[in-house]
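# Survey of secondary and tertiary structure
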Amino acid sequence: MNPKFAIDALAHRLKHGCETMSYPDGPAPALPDRHGGSLRVEAAKCMEGCSACVPVCPTQAIARAPGSPVALDLGKCLFCAACVEACPARAIVQTGDHRMAVRHRADLILGKPGEEQVRLAEALDEKLRKLFGRSLRLRQVSAGGCNACEADTNVLGTIGWDLGRFGIQFVASPRHADGLLITGPVSQNMRLALQKAYAAVSSPKIVIAVGACAIAGGPFIGHPQVCDGADSVLKVDLFIPGCPPHPITILDGLLRLLDRL
């Protein structure tokens, strides 16, 4: 290496100092204004007979049975905020909260009394935490994704986020992995490849679904060429909603799973 280049590189690093965020020891970075964060359903505000929010949802994430409050499925939600704008009573609101990851698919359905907000993910059991808590290797599988969720997942490896400081790394082969992180709606062309990747991971193993597509099919929900999400093919251990989820939402979910928060 050219000595001058090495000295210049060291001087540059010393000038800028540590650029890795302090989270989770410090505050989480603020979400962009247009992101809005997680949604909350305030069932008590739902006007009787009003269904203004239902037809505007592009993925049928909102339903309302007669005599019941709105049911909002964050697993299907694209976070376009069309329902927020359409609701005359402001019963659906943006919280600005980045925390959305859950362990069970049903926990993403909001609206019932006591279930107005997301029930955040619990950690793995003690045995799995001992195995994966300090060293978790994931094979990322893009199962027909548009590259938005994939891009936000890749951000976690940059200097500002430094996913490796938590012992979490993405690996090139499922044979080197402890589990799969899946993006995309699982197209029919990727179904067998996903199953083979899962079979190549040694047990015990975990599966993480990232984004609306991997959870429920996203904008492609119901199309015959997609499987409407990873849990139609594999057992999923962590669901991280969003379209795409912000990198801090993904990181929060991973750390919750490992009991690192």
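Note that the structure is a prediction, hence the values are computed from the model and not measured.

## A few points about the nonpolar core
With 44 residues, the main nonpolar core has Leu 39, Leu 74 and Ile 92 as its most contacted residues. Elements with a contribution of two residues or more to this core: strand E1 (39-41), helix H2 (82-86), strand E8 (179-183), helix H5 (188-200), strand E9 (206-210) and helix H6 (212-216). Residue contributions to this core peak at 3 residues, all from H6. With residues near it in sequence (within four places) discarded, Leu 74 still touches Ser 38, Leu 39, Phe 79, Leu 108, Leu 110, Val 118 and Pro 241. Counting residues in each nonpolar core, the second largest holds 29 residues, with Leu 138, Leu 238, Ile 248 and Leu 257 among its members.

## Structural notes on H5
Structurally, the α-helix is built with 3.6 residues per turn, so residues lying three or four positions apart point the same way. When we look at burial in H5, the residues that qualify are Leu 194, Ala 197 and Ala 200. The buried residues of H5 all sit within an arc of 120° when viewed along its axis, so they share a single face. Pointing more than 90 degrees away from the buried face of H5 are the exposed residues Leu 192, Lys 196 and Ala 199. Check the buried side of H5 and you find it contacts strand E6 (136-142) and E8.

## A word on the environment of Ala 63
When you line up the elements, Ala 63 lands in strand E2 (residues 62-63). The contacts of Ala 63, once residues within four sequence positions are left out, are Val 54, Pro 69, Val 70 and Ala 71.

About the cut-offs
- The numbers attached to residues start from 1 for each chain and follow its sequence in the written order.
- Reporting of local features is limited, given that this is a predicted model, to residues whose pLDDT is at least 70; pairs of side-chain atoms are given and counted only at 80 or more, and all residues count toward the totals for whole chains, interfaces and linings.
- Where side-chain values are given, they derive from all heavy atoms of the structure, hydrogens and water being excluded.
- The criterion is simple. A nonpolar core is a set of buried Ala, Val, Leu, Ile, Met, Phe, Trp, Tyr and Cys residues joined through side-chain atoms within 4.5 Å.
- Each residue is placed in one exposure class: buried if its accessible area under a 1.4 Å probe, protein chains only, is under 20% of its type's maximum, exposed if it is over 50%, and partly exposed if it falls in between.
- In this description a helix means any DSSP run of H or I spanning at least four residues, a strand means any run of E spanning at least two, and both kinds are numbered starting from the N terminus.
- Whether two residues are in contact is decided by their heavy atoms, any of which lying within 4.5 Å being enough.
- Our arc is simply the arc of the directions from the helix axis toward the C-beta atoms.

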